[in-house]
Amino acid sequence: MLKLTNTLSKKKESFESIKKDIANVYVCGVTPYDYAHLGHGRCYTAFDLLVRVLKFLNYDVVYVRNFTDIDDKILKRAQTELGDVARYPEITTKYINAFNEDVKNLNCLAPTFEPRVTQMMPQIITFIEDLIKKGRAYEADGDVYFAVDSFDQYGKLSKQKKDDLISGARIEATDKKKNPLDFALWKKSDDGTFWKSPWGYGRPGWHIECSVMAAEYLGKTFDIHGGGRDLIFPHHENEIAQSESLYDLPMARYWLHNGFVQINKEKMSKSLGNFFTLRDVFKEFDPMVIRYYFLSHHYGAPLDFAFDDVAAVQKSYKRLTRIFDVVCPQDIVREDMLTSPTVQKMLTFVYDDLNTPGMLGVLFESLDTLQKNKDELCMVKLFLQRVLGLTLETLPEKTVEITPEIQKLIDARVQAREQKNWARADELRDKLIELGVDLKDKKI
Ligand SMILES: [Zn+2]
């Protein structure tokens, strides 16, 4: 039985789906105005693991991940990159394609549905109209706000009291809100990028899209809602307020959040200069090493990223690729895998809130015995490929172009070795390593 830590109860709970044999999962997607960073990679790897585990448990998984393809940041990018706000769809297309490429490189399975905000405007407008009709939202000079006072349970996910939130809220003189906690469902806009609504021209607020898309694809109440920990408040709290006010049902049964990625214990941010896109990191390490690195930490714990740690993890991943470099029958099915004692032991950790570090511990303890039993080795290999999403393919060696400068160093080193000048030979070797050349010496 799969157990998951539910942010709503702060407890590990046994997973039971609402509809038999179907698992409905919604994970908040990205705003495509830039390349995806390490935090995105970690989040979508974590939920890819969840989806794979649910599939292994024989659930028919419906996985929805959205694109916020209209937003101030996107418009700003269109202005700086293309010199024209109206060309924003070119920006979103570019970064959606880049995102899809990055997560594919991490071997994340494609979601069942990937809705975009700009394709959901009629549904968004209807949802807001229905909230107004129910007395849960109000119009104010072309904007529409959610009335937080109308929802008693506000704060239940982030474990905050409404009164505390109100006293901490910033009140601006221009505010049209009745309560400082009220948040925008629709914002009046006349900057050239807007949609027609009963309240005039404008754009939806950020939170409303997820409530609308989740209901559209998964129903008024569904199984699992996921995202990064930074989304708990206000985004997910507001999603709950919107959906539960309209439907009078729990939006999702289980709320799952992955931990932050930090760099040297600091939040990753462009202003601190410690911001890494997945593309930056993939230049140094194979995406499979990065996936393995993410999985070697528990998804819920904070992850302090360091290139040295990834280099260490790369060694252990390479070891796995060597050990599992065997040709296995591909007709091994789940039932076969379940007969493997190693897979059984690994599963006890996976089913315990996706404890992948614990699972890898079992794997490494079993490697010696596994190598003596090819059937068992194959069971574990297929399990790692299908459920952990690790391809286990031999990593390509980096090829380096031999420039005249490198050739000169190689020749000098050969000469030094012939003269048994080992100190000089080592010195030249270090220089070559710096240039990305790792020589394999023959005995002389
Ligand atoms: Zn969302």
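Residues numbered from 1 in each chain as written. Predicted model: local features only at pLDDT ≥ 70, side-chain atom pairs only at ≥ 80, totals over all residues.

Draft legend 1. Representation of the overall build of the chain within the structure. What the chain contains, in helices and strands, is 16 helices and 14 strands. Counting only C-alpha atoms and orienting by the principal axes, one finds that the chain spans roughly 85 × 55 × 40 Å. Pairs at least 24 apart in sequence give 73% of the contacts found in the chain among residues at least 6 apart. (Helix = DSSP H or I, 4+ residues; strand = E, 2+ residues; numbered from the N terminus. Contact = placed C-beta atoms within 7 Å.)

Draft legend 2. Region of the structure containing the sheet that holds strand 6 (residues 143–146). Within the open sheet, the 5 strands sit side by side as 5-6-7-9-8. Their pairing is antiparallel. Every other strand in the sheet has two partners, leaving strand 5 (137–140) and strand 8 (195–197) as the edge strands with one partner each. Averaged over all pairs of adjacent strands, the angle between strand axes in this sheet comes to 35°, irrespective of strand direction. Inspection of the sheet shows strand 8 paired to strand 9 (residues 200–204) by 3 bridges, in the antiparallel sense. If you follow Ser197 over to strand 9, its bridge partner there is Gly200. (Pairing = 2+ DSSP bridges. Axes fitted to C-alpha atoms, helices over the stretch in contact; angles between N-to-C directions.)

Draft legend 3. The arrangement of the pairing of strand 9 in detail. Of the strand pairs in this sheet, strand 7 (residues 183–188) and strand 9 are connected by 3 bridges, and their pairing is antiparallel. Looking at strand 9, one finds that Trp186 is bridged to Pro204. As consecutive antiparallel partners, strand 8 and strand 9 are separated by 2 residues.

Draft legend 4. Molecular detail of the packing of helix 1 (residues 38–56) against helix 9 (residues 287–295). Direction vectors running N to C along helix 1 and helix 9 enclose 75°, while the axes themselves pass 10 Å from each other. As judged from the angle between their axes, helix 1 and helix 9 are roughly perpendicular. For the pair helix 1 and helix 9, contact is made by Gly41, Arg42, Thr45 and Leu49 and by Ile290, Arg291, Phe294 and Leu295, respectively. Here the contact of helix 1 with helix 9 is composed, by residue class, of 4 nonpolar, 2 polar and 2 charged. (Parallel < 35°, antiparallel > 145°, perpendicular 65-115°, else oblique. Nonpolar A, V, L, I, M, F, W, Y, C, P; charged D, E, K, R; others polar.)

Draft legend 5. Highlighting the pairing of strand 11 (residues 252–258). Judged by how many residues are buried, strand 11 sits mostly within the fold: 6 of 7 residues are covered. By the bridge criterion, 6 bridges tie strand 10 (residues 222–228) to strand 11 in an arrangement that is parallel. Paired with Gly228 across the two strands is Asn258, which belongs to strand 11. In this fold, strand 10 hands off to helix 7 (residues 232–247), which returns the chain to strand 11; that crossover is right-handed. (Buried ≥ 20, exposed ≤ 12 C-beta atoms within 10 Å, placed from the backbone. Right-handed = clockwise from strand over helix to strand, strands pointing away.)

Draft legend 6. View of the sheet that holds strand 13 (residues 266–267). With mixed pairing, the 3 strands of this open sheet are ordered in space as 13-12-14. The strands lining the two open edges of the sheet, one partner per strand, are strand 13 and strand 14 (303–305). Here strand 12 (residues 261–263) pairs with strand 13 via 2 bridges, running antiparallel. Looking at strand 13, one finds that Gln262 is bridged to Lys267.

Draft legend 7. Structural view of the nonpolar core. Of all hydrophobic cores here, the largest spans 112 residues; its most connected members are Val25, Ile128, Phe146, Leu185 and Phe383. Counting residues per element, this core draws most heavily on helix 1, which supplies 10 residues. Mapped onto the domain boundaries, this core takes at least three residues apiece from domain 1 (18–258) and domain 2 (262–386). Contacts of Phe146, omitting those with residues within four sequence positions, involve Leu131, Arg136, Ala137, Asp182, Phe183, Leu185, Asn238, Ala241 and Gln242. (Core = buried A, V, L, I, M, F, W, Y, C linked by C-beta atoms within 7 Å. Domains from an automatic or database assignment.)

Draft legend 8. Layout of the domain arrangement of the chain. Here the chain is described as being made up of domain 1 (18–258), domain 2 (262–386) and domain 3 (397–444). For domain 2 versus domain 3, the distance between C-alpha centres works out to 34 Å.

Draft legend 9. Looking closely at the packing of helix 4 (residues 121–133) against helix 7. Look at helix 4 against helix 7: their axes get within 10 Å of each other, and the N-to-C directions meet at 65°. Between helix 4 and helix 7, the angle is such that the two are roughly perpendicular. Read as a crossing pair, helix 4 and helix 7 show a hand that is left-handed. Side by side, helix 4 and helix 7 meet where Phe127, Asp130 and Leu131 of the first sit next to Gln242, Ser245 and Leu246 of the second. Taken together, the residues that form the contact of helix 4 with helix 7 break down as 3 nonpolar, 2 polar and 1 charged. (Left-handed = near helix turned anticlockwise from the far one by under 90°.)

Draft legend 10. Spatial organisation of helix 7. Within the sequence span of helix 7, burial applies to His236, Glu237, Asn238, Glu239, Ile240, Ala241, Gln242, Ser243, Glu244, Ser245 and Leu246. Of the surrounding elements, those touching the buried residues of helix 7 are helix 4, strand 6, strand 7, helix 6 (208–218), strand 10 and strand 11. One or two residues past the end of helix 7 sits Asp248, with phi positive at roughly 55°.

Draft legend 11. Region of interest: the environment of Thr321. Here Thr321 shows up in helix 10 (residues 307–323). By C-beta crowding, Thr321 is classed as partly exposed, having 16 other C-beta atoms within 10 Å. Between the alpha carbons of Thr321 and Leu392 there is a distance of 4.9 Å; along the sequence they are 71 residues apart. For Thr321, the contacting residues outside a window of four places in its chain are Leu392, Glu393, Thr394 and Leu395.

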